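Here is what each chain is made of, one letter per residue.
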There are 2 protein chains.
Amino acid sequence: MGRGIEGASFEGTGYSYTLSLIRGKHKMSILYCLMEYQPVRFNEMRRYLGGVSDRTLSRSLKELEADGLVARREYPQIPPRVEYSLTERGASLMEVLDLLCVWGERNRPGD
Amino acid sequence: MGRGIEGASFEGTGYSYTLSLIRGKHKMSILYCLMEYQPVRFNEMRRYLGGVSDRTLSRSLKELEADGLVARREYPQIPPRVEYSLTERGASLMEVLDLLCVWGERNRPGD
DNA sequence: CTGGATCCAGAGTGATACTG
DNA sequence: CAGTATCACTCTGGATCCAG
């Protein structure tokens, strides 16, 4: 038992949890946008991201909010106004993610 | 142009490149397995990962190899013997990814 | 043993139209 | 403005069969 390869020891590790948070085509872009421009409104973010549908952006934001990375603040007025920003947890994740960015810049194929 | 949110400034950054390398349900498990047990043979890895099909494992390894993270060594014999291991590039990525793991452990919901 | 080829299921995403 | 509902499509991964 000390040397074999029997089970998936990866399941349930911090890796998989962290990665699950940013899974999704636009999650990183959203967090990045938040980091730079927060607080940001819904359509403002849509414009920033370029080609994202309402549905996808809405869903992604909900998930990020449920995961405690993004804070949503709603103002009871007409027309509606909702502002999104990073939570502390979200900000701390971005610090770690920034290291991925650095690695990526240094190890891109072109270099 | 100095203050607006007009374009997707995220595209093409190191984030997206790095994340693209580990996109895929089993990529991380594979790299993790390699890190611990390299060199590892095909079926050995399959056992380690638990429920992965030949096709998926094969495809993932090819991609990782194409991305320069995994080295494949083939021995011309019958039956075939192929060993996989991490490249230096792969190993350096794992160091960064380990930080994600640490963050994940500290920020899991249960804590 | 190491995969390639083919077919299939499910998740994720986009387009469009509509609501409060 | 800030979403929701519906439908369609793509993409990933799994199952199975087959070849060197």
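Everything below is about the structure printed above this text.
Now for a description of the structure that goes with this document. If you're wondering where the values come from, they're calculated on a predicted model, not measured in any experiment. (Residues numbered from 1 in each chain as written. Chains lettered and ligands numbered in written order. Predicted model: local features only at pLDDT ≥ 70, side-chain atom pairs only at ≥ 80, totals over all residues. Heavy atoms only, no water.)

## Here we look at the relation of the copies chain B and chain A
For these two chain copies, the linking operation is a rotation about an axis paired with a shift along it.
For step 1, the next point in the chain: The operation relating chain B to chain A is a screw motion whose rotation component is 180 degrees, with 0.0 Å of axial translation and a residual RMSD of 0.1 Å. Here the symmetry operator amounts to a two-fold rotation axis.
For step 2, the next point in the chain: A shared binding surface is used by both copies, with 98% of the interface residues of chain B retained as interface residues in chain A. (Least-squares fit on C-alpha atoms with pLDDT ≥ 70 in both. Contact = heavy atoms within 4.5 Å.)

## Side note on the sheet that holds strand β1 (residues 40-41) of chain A
Residues and elements named next belong to chain A.
For step 1, the next point in the chain: Spatially, β1-β3-β2 is the arrangement adopted by the 3 strands of the open sheet, whose pairing is antiparallel. Every interior strand has two partners, whereas the edge strands, β1 and β2 (70-75), have only one.
For step 2, the next point in the chain: As judged from the 2 bridges shared by β1 and strand β3 (residues 81-86), these two strands associate in the antiparallel manner. When the bridges of β3 are listed, Val40 appears paired with Tyr84. (Pairing = 2+ DSSP bridges. Helix = DSSP H or I, 4+ residues; strand = E, 2+ residues; numbered from the N terminus.)

## A short note on the protein's contact with DNA strand D
For step 1, the next point in the chain: As a matter of local geometry, DNA strand D sits amid 21 residues, with Ser58, Arg72 and Tyr84 of chain A together with Lys25 and Arg55 of chain B nearest to it.
For step 2, the next point in the chain: Each atom of DNA strand D within 4 Å of the protein was assigned to sugar, phosphate or base; sugar and phosphate come to 62%.
For step 3, the next point in the chain: One of the side-chain N or O atoms of Arg55 of chain A is found 3.2 Å from a base oxygen in DNA strand D.
For step 4, the next point in the chain: Within the side chain of Lys62 of chain A, a nitrogen or oxygen atom sits 3.0 Å from a phosphate oxygen of DNA strand D.
For step 5, the next point in the chain: With 4 residues, helix α4 (residues 54-66) of chain A is the largest single contributor of residues to the surface near DNA strand D.
For step 6, the next point in the chain: Residue classes in the surface near DNA strand D are distributed as 6 nonpolar, 7 polar and 8 charged. (Near = heavy atom within 4 Å. Polar contact = N/O pair within 3.5 Å; in protein donor to acceptor, adjacent residues only side chain to side chain. Nonpolar A, V, L, I, M, F, W, Y, C, P; charged D, E, K, R; others polar.)

## Notes on the pairing of β3 of chain A
For step 1, the next point in the chain: When β2 of chain A meets β3 of chain A, the two strands line up antiparallel, connected through 6 bridges. Across the sheet, residue Ala71 of chain A finds its bridge partner in β3 of chain A, namely Ser85 of chain A.

## Regarding the sheet that holds strand β2 (residues 70-75) of chain B
What links the strands of a sheet is backbone hydrogen bonding, and the strands pair in either a parallel or an antiparallel sense.
For step 1, the next point in the chain: Judged by pairing direction, the sheet is antiparallel, and its 3 strands sit side by side in the order β1-β3-β2 (chain B) without closing on themselves. Looking at strand neighbours, the two that pair on one side only are β1 (40-41) and β2 of chain B, the edges of this open sheet.

## Comments concerning the environment of Ala91 of chain B
For step 1, the next point in the chain: Relative to the elements of secondary structure, Ala91 of chain B occurs in helix α5 (residues 88-106).
For step 2, the next point in the chain: In the structure, Ala91 of chain B is positioned 21 residues away from Val70 of chain B in sequence and 9.0 Å away in space, judged by C-alpha atoms.

## Re helix α3 (residues 42-49) of chain A
All names here are of chain A.
For step 1, the next point in the chain: Taken residue by residue, α3 has Met45, Tyr48 and Leu49 as its buried positions. For α3, the arc enclosing every buried residue in end-on projection is 90 degrees, short of the 170-degree limit, so these residues lie on one face.
For step 2, the next point in the chain: Just downstream of α3, Gly50 is the residue with a positive phi angle, here 85 degrees. (Buried < 20%, exposed > 50% of the residue type's maximum accessible area, 1.4 Å probe, protein only. Arc of directions from axis to C-beta.)

## Considering the protein's contact with DNA strand C
For step 1, the next point in the chain: The local shell around DNA strand C holds 21 residues, among which Lys25 of chain A together with Asn43, Ser58, Arg72 and Tyr84 of chain B are the closest.
For step 2, the next point in the chain: Considering DNA strand C, the proportion of its atoms within 4 Å of the protein that are sugar or phosphate atoms stands at 66%.
For step 3, the next point in the chain: Take His26 of chain A: an N or O atom from its side chain is 3.0 Å from a phosphate oxygen of DNA strand C.
For step 4, the next point in the chain: In this structure, a base oxygen belonging to DNA strand C sits 2.9 Å away from a side-chain N or O atom of Arg55 of chain B.
For step 5, the next point in the chain: Of all the elements in the fold, those that place two or more residues in the surface near DNA strand C are α4 of chain A together with α3 (42-49), α4 (54-66) and β3 (81-86) of chain B.
For step 6, the next point in the chain: Of the residues assigned to the surface near DNA strand C, the class counts are 6 nonpolar, 7 polar and 8 charged.

## Concerning the packing of helix α2 (residues 27-37) of chain A against α3 of chain A
Residue and element names in this part refer to chain A.
For step 1, the next point in the chain: Close contact between α2 and α3 brings their axes to 10 Å; oriented N to C, the two are set at 115 degrees. Viewed along their axes, α2 and α3 form a crossing whose handedness is right-handed. Contacts from Ser29, Ile30, Tyr32, Cys33, Leu34 and Tyr37 of α2 reach α3 at Met45, Tyr48 and Leu49.
For step 2, the next point in the chain: Grouping the constituent residues of the contact of α2 with α3 by class yields 8 nonpolar, 1 polar and no charged. (Axes fitted to C-alpha atoms, helices over the stretch in contact; angles between N-to-C directions. Left-handed = near helix turned anticlockwise from the far one by under 90°.)

## Here's the deal with the interface of chain B and chain A
For step 1, the next point in the chain: Contact residues are listed per partner, giving 44 residues for chain B and 43 residues for chain A.
For step 2, the next point in the chain: At the boundary of chain B with chain A, total buried surface from both sides reaches about 3900 Å², with 68% on carbon and sulfur atoms.
For step 3, the next point in the chain: Where chain B meets chain A, there are 0 salt bridges.
For step 4, the next point in the chain: Across the contact surface, chain B and chain A share 14 residue pairs in polar contact (both at pLDDT 80 or more).
For step 5, the next point in the chain: Residue assignment for the side of chain B that touches chain A shows that the elements contributing at least two residues are α1 (14-21), α2 (27-37), α3 and α5 of chain B.
For step 6, the next point in the chain: For the side of chain B that touches chain A, the leading source of residues is α5 of chain B, giving 13 residues. (Buried area = accessible area lost by both parts, 1.4 Å probe. Salt bridge = Lys/Arg side-chain N within 4 Å of Asp/Glu carboxyl O.)

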